[in-house]
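Structural features, examined
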Amino acid sequence: MFDALTDRLTGVFDGLTGRGALSEKDVSNAMREIRVALLEADVALPVVKDFIAKVKEQAVGESVIKSITPGQMVIKIVHDELVEMLGGEDSDTKLKIDSPPAVIMMAGLQGSGKTTTTGKLAKRLKDKERKKVLLASLDVRRPAAQQQLKVLGEQVGVNTLPIIAGQMPVDIAKRAMQAGKLGGYDVVMLDTAGRTSIDEGLMAEARSVRDAVNPHEVLLVLDAGTGQNAINQAKQFNQTVSLTGLALTKLDGTAKGGVIFALAKQFGLPIRYIGVGEGIDDLRTFEAEPFVQALFAERERT
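Nothing here was measured: the structure is a model prediction, and the numbers come from that model. (Residues numbered from 1 in each chain as written. Predicted model: local features only at pLDDT ≥ 70, side-chain atom pairs only at ≥ 80, totals over all residues. Heavy atoms only, no water.)

**Here we look at the overall build of the chain**
Scanning the chain for helices and strands turns up 13 helices and eight strands. Taken along its principal axes, the extent of the C-alpha atoms in the chain is 70 × 40 × 30 Å. Within the chain, the proportion of its 302 residues that are buried is 51%. For the chain, contacts bridging at least 24 residues in sequence account for 76% of all contacts bridging at least 6. Here the chain displays about 13,500 Å² of accessible surface, and carbon together with sulfur accounts for 48% of that area. One way to put it: in the chain the 38 positive side-chain charges average out to a point 4 Å from where the 39 negative ones average out. (Helix = DSSP H or I, 4+ residues; strand = E, 2+ residues; numbered from the N terminus. Buried < 20%, exposed > 50% of the residue type's maximum accessible area, 1.4 Å probe, protein only. Contact = heavy atoms within 4.5 Å. Areas by Shrake-Rupley, 256 points an atom, 1.4 Å probe, with all protein chains shown as cover. Lys, Arg positive; Asp, Glu negative; His and termini not counted. Charge placed at Lys NZ, Arg CZ, Asp CG, Glu CD.)

**Quick look at unusual backbone geometry**
Omega for the peptide link from proline 100 to proline 101 comes to -10°, which places this bond in the cis form. Positive phi, normally seen in glycine, also occurs at aspartate 42, with a value near 75°. Turning to its location among the elements, aspartate 42 is positioned in the loop between helix H2 (24-40) and helix H3 (45-59). For arginine 130, which is not glycine, the phi torsion reads 55° and is therefore positive.

**Points about the packing of H2 against H3**
As a packed pair, H2 and H3 sit with axes 10 Å apart at the nearest point and diverge in direction by 155°. Considered as vectors, H2 and H3 are oriented roughly antiparallel to each other. Crossing of H2 over H3 shows right-handed handedness. Residues Val27, Ser28, Met31, Ile34, Arg35, Leu38 and Leu39 of H2 form the contact with H3, whose participating residues are Leu45, Val48, Lys49, Phe51, Ile52, Val55, Lys56 and Ala59. (Axes fitted to C-alpha atoms, helices over the stretch in contact; angles between N-to-C directions. Parallel < 35°, antiparallel > 145°, perpendicular 65-115°, else oblique. Left-handed = near helix turned anticlockwise from the far one by under 90°.)

**Regarding the pairing of strand E5 (residues 217-223)**
With seven of seven residues buried, E5 is to be regarded as a mostly interior element. Of the two faces of E5, the one carrying Glu217, Leu219, Val221 and Asp223 and the one carrying Val218, Leu220 and Leu222 are both buried. Across four bridges, strand E1 (residues 102-107) lies against E5 in parallel orientation. Within E5, the position partnered with methionine 106 by the bridge is leucine 219. The pairing of E5 with strand E6 (residues 245-249) spans five bridges and is classified as parallel. (Pairing = 2+ DSSP bridges.)

**Describing the sheet that holds strand E7 (residues 271-275)**
Taken in spatial order, the eight strands line up as E3-E2-E4-E1-E5-E6-E7-E8 in an open sheet, and their pairing is mixed. With one partner strand each, in any of the chains shown, strand E3 (159-160) and strand E8 (283-285) form the two edges of the open sheet. Sheet topology places strand E2 (residues 133-137) next to strand E4 (residues 187-191); five bridges connect them, and they run parallel. Bridged to leucine 135 within E4 is methionine 189. Sheet strands in contact with helix H6 (residues 114-128) are E1, E2, E4, E5, E6, E7 and E8, and its direction is about 170° off that of E4.

**Concerning the nonpolar core**
Residues Ile34, Val78, Leu190 and Ile260 are the most contacted members of the largest nonpolar core, which totals 78 residues. Here leucine 190 is in contact with Val103, Ile104, Met105, Met106, Ala136, Leu138, Ala173, Ala176, Val209 and Val213, once residues within four sequence places are set aside. Grouped together as the second largest cluster of nonpolar side chains are 20 residues, Ala122, Val133, Leu149 and Val158 included. (Core = buried A, V, L, I, M, F, W, Y, C linked by side-chain atoms within 4.5 Å.)

**Some thoughts on the packing of helix H1 (residues 3-17) against H2**
Where H1 contacts H2, the two axes come as close as 9 Å, and the packing angle between them is 175°. Comparing their axes, H2 and H1 come out roughly antiparallel. On H2, the residues touching Leu5, Arg8, Leu9, Val12, Phe13 and Leu16 of H1 are Asp26, Ala30, Glu33, Ile34, Val36, Ala37, Leu38 and Glu40. Here the contact of H1 with H2 is built from residues that sort into 10 nonpolar, no polar and four charged. (Nonpolar A, V, L, I, M, F, W, Y, C, P; charged D, E, K, R; others polar.)

**Notes on helix H11 (residues 259-267)**
Along an α-helix, a turn takes 3.6 residues, which lines up residues three or four apart on a common side. Among the nine residues in H11, seven count as buried, and that is most of the element. Along H11, the positions that sit buried rather than exposed are Val259, Ile260, Phe261, Ala262, Leu263, Ala264 and Phe267. Just downstream of H11 lies glycine 268, where phi reads positive at about 65°.

What follows is the structure, given as structure tokens:
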């Protein structure tokens, strides 16, 4: 992911470190190139403008321009500002699931990878955090959606709520809560229904489920390949169900994905997980610093 952005940044940084002394014009030219690189990676223009303004303000200071290694100092400023944009090194991405049965409500549009992410996260909670997890599908409209989650549960070794034909989403959610309490589960994960696009019916259903169970976490699953459309999805879901975090899927399959920066900055919501492959274990906890460091990886290898 972000290979093109990494390559562009590498070129800019090599130019900075190869010059020795830097002038304000050198910094301005470098900022112009970084601006283009970020825009090509699908980072929103307002986010790019704000980022470049902050970096340039620091980079043209006398302590930087006249330092022994001005190029390295500019690179560090760029690095630190990118990390800050994504929530900072100390951002808390840990799920709030300490009081069992903790409810995690999974939201998102059809095709975002929501159900698959639900299964991957359930496996992660079971294997890495030793949680007893119960899965429940609330999607009563999409053919075989409930069966899909049941199969996923079997694959990852996690129980799923028995399917009762004709039961509505809020009733399924309440039944899952009761089963979670009686079964001694640590976590109950609710895979809510999706749609091909946002409509009032989807929002009303999501709101009703949230109000019925008062979830500890409401995670929105977004397809990174949808670009700036993900911003609108996050805005509407956040207004409707008060999101507590984001999960971005398919980052491995897009050369862009810069929407991750705008999401982090605009909503102030933690990006908790990123999907980096189709495998059941290809779900990673998101950490800002290592993520940004990966953008600089190519330069460090050369």
